[in-house]
Amino acid sequence: MIFFFPEPYPDELLYSVCARYADRVQYSSGRYVLQELFGSKCQTVIFDLPDRLSHLISILPKGHHYTVEQLIYNHTMLPVYVPFLNDNKLQKILDMMKGEDSPDLVNPKKFLTKLNKYSTFFRFCPLCFQEDKQHYGEYYWHRLHNFSAVIVCPIHHVFLENSNVFMSQRKRNYEFFSATTVVLPDKYQFIEPTNPAHQILLKLSQDVQWLLNFELEFQFESLFDRYIQFLIQLSLANKSGTIQLKLLLKKFRNYYPQEVLKLLDCQIDDKIDEPWLFLLVPDLKQHKVHSLVYHLLLIQFLGKTAEEFFKTPLNFSAIRKPFGLGPWPCLDPTSGHYRQLTIKTYRINRRNQQDEATATFRCSCGFAYARTGPDLAPQDQYRYTRIVSYSPSWETTFKKLWLTPTIRIREIAIQLGLSPSNVNRCAKRFNLPLHRITISGELPETDSHLFSKELQKKRESYRQEWLLIRKNNPTLNRTKLQQNFRRHYSWLYKNDSDWLSENLPLKLDNSIDWSSRDTQLMNQIIQAVSSIKSSLNSPIKITVIAISKELNISSNFLNKNYLKQMPLTAQVLRQVLETWEDFTLRRIEWMTQCYLQEGICPSQNQFTKKLHLNYYKRQSASRIDDAISQSVEFINSHFASRQ
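Rules used in this analysis
Residues numbered from 1 in each chain as written. Predicted model: local features only at pLDDT ≥ 70, side-chain atom pairs only at ≥ 80, totals over all residues. Heavy atoms only, no water. Helix = DSSP H or I, 4+ residues; strand = E, 2+ residues; numbered from the N terminus. Buried < 20%, exposed > 50% of the residue type's maximum accessible area, 1.4 Å probe, protein only. Areas by Shrake-Rupley, 256 points an atom, 1.4 Å probe, with all protein chains shown as cover. Salt bridge = Lys/Arg side-chain N within 4 Å of Asp/Glu carboxyl O. Axes fitted to C-alpha atoms, helices over the stretch in contact; angles between N-to-C directions. Parallel < 35°, antiparallel > 145°, perpendicular 65-115°, else oblique. Left-handed = near helix turned anticlockwise from the far one by under 90°. Contact = heavy atoms within 4.5 Å. Nonpolar A, V, L, I, M, F, W, Y, C, P; charged D, E, K, R; others polar.

> Quick question: what am I supposed to make of the overall build of the chain here?
Within the chain, the regular secondary structure consists of 30 helices and eight strands. Counting all 643 residues of the chain, 44% fall into the buried class. Summing over all exposed atoms, the chain offers an accessible surface of approximately 36000 Å²; the carbon and sulfur share of this is 50%.

This is how it looks when you write it as structure tokens:
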């Protein structure tokens, strides 16, 4: 336990508080300060997201009012990052900062390095330092001034100054350096209100200032949808989430001066096929981490402040999310989590142009239901159109209620959220006795309407009509009968299914001679591949779709379900289908012949550019570079021999 610890000032970095403590105790080495405050001499001083904070709290003087959470959210950089991290990554960072061992083997430092690009020196606002001196009698390092996107003080509208204290590239990374050695400059550079670049930097600083005090409850899963919603408003994305990347890049470059992007180290390199702007929003679906400066630049480009971006309600209709963000409730009244939000995803079954959709929601307990949206009110998520599948507990409860004579059908319907007619259908589905005798010995209550004279008369009428239909249409099969006489078929299927099944045409023997089909299709594929490769036009990659087009058949005939029945065809497909690398090598051969016919002798760089190769794929395939070199040498030697 230590006997005193400096009181943190507003917006002061914890690093700065520890530096002021080190100035007062005057240890001979910063390693002793690390040992005392954080329990380790070997630790490196971290200024933005320090760790081992639980140890620091444990050795503070008695009667202190600090908690680990207060230090983290009031005196570290973490609040700026919180909205851009999913719960899993955020928890790993919190565990690391507290000094707790996380059960996950993934080290959070692997993605922490992507969050912020540190400047070389600690920065400060001269006017803020003057006020600090007047109010507190000393200078201290502010969190706000030392985030990489903050070049301008949002309070005084002056450019920040570099101190003589290293933030990165420190030789003595175990020492704490306070702000007492800072020398204030004689002149301050105010931003120009009419300079667009200065206004961009000011807005970035104001966004960071707001994020440092960010207390709004926010779901990381909605971050992607927020970007899409605002991109749609700018006609840079469609409702399905597809972004117009080239148009976005063009407008982004027109919005930001090149010197601003260079100052923030956020340049967009034309030589890279997928610059950070292309990856930032799509990578959110995989929960990948990118620099926070990238996010702030994109938010400002969208015409929003950070506060407007995070507080604007999502328009789910605009981004084609008829059921909101979720999670969604399980509606199984027999489960222990009834109406609790346990369902994380849903599957769209059908959607029309008016954004009306029908989706299936499936809980891990086995209960699944379908409903039609969009949701117009919060209570809409607690309704369903029909039950898709029953959980084991639901089925057990239903059987128990059904076999209890004292419980009436209406009571069963109320308990399980069914209609009385659906109760009868469920009994039939579970092969339960349809005649329920009550305790008083009354007539069977269940399906009592089925045994009424009126229903018997109606059933007899439908039977006679169906037999007449069969007699007048002897050539129609089951499918055609169902399509052409839907009313009769549906009524009998629901109310007299056993009789209907006995009075349907016999099922045709649709067995397929898979052996002959396998041999025939195998030979056709070999011929199709030969035809594609022998074409004099630009090469086409040998894929299932390309083969299907050549044979003029549906690609469904070559899916895995059919191929299980056709081993020879499956084997040939595995042999002839091309990988990206195989196809590129064939393109190189074709281009070599084109250059020879045109009489052009290209350089290796010209040859590579004409191939339009993805940079990352090319880096992973050394055979490509070797083939290009050999082709260029062959072309050169060919023309040299002719001279």
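So, next bit.
> Just checking my understanding: could you explain the pattern of salt bridges for this structure?
Pairing between side chains of opposite charge can happen when the charged atoms of each approach one another. Tallying each qualifying case throughout the model produces 10 salt bridges. Its salt-bridge partner being Asp 11, residue Arg 143 comes within 3.1 Å of it at the nearest N-O pair. Of this pair, Arg 143 sits in the loop between α8 (126-136) and β2 (161-166) while Asp 11 sits in the segment before α1 (14-25), placing them 132 residues apart in sequence. A relative accessible area of 4% places Arg 143 in the buried class. A salt bridge links Asp 496 to Arg 463; the nearest nitrogen and oxygen atoms lie 2.6 Å apart. Here Arg 463 lies in helix α19 (residues 453-472) and Asp 496 lies in the loop between α21 (486-495) and α22 (497-502), a separation of 33 residues in the sequence. Salt bridges here are not isolated pairs; linked through shared partners, they connect Glu 12, Arg 20, Arg 24 and Glu 138.

> Looking at this structure, how should I read the packing of α1 against helix α2 (residues 30-38)?
If you want to describe how two helices pack, look at the angle between their axes and the distance between the axes. Look at α1 against α2: their axes get within 11 Å of each other, and the N-to-C directions meet at 120°. The angle between α1 and α2 falls in the class oblique. When the axes of α1 and α2 are compared, the crossing they make is right-handed. Within the contact between the two elements, α1 uses Cys 18, Tyr 21 and Ala 22 and α2 uses Val 33, Glu 36, Leu 37 and Phe 38. Tallied by class, the residues present in the contact of α1 with α2 amount to six nonpolar, no polar and one charged.

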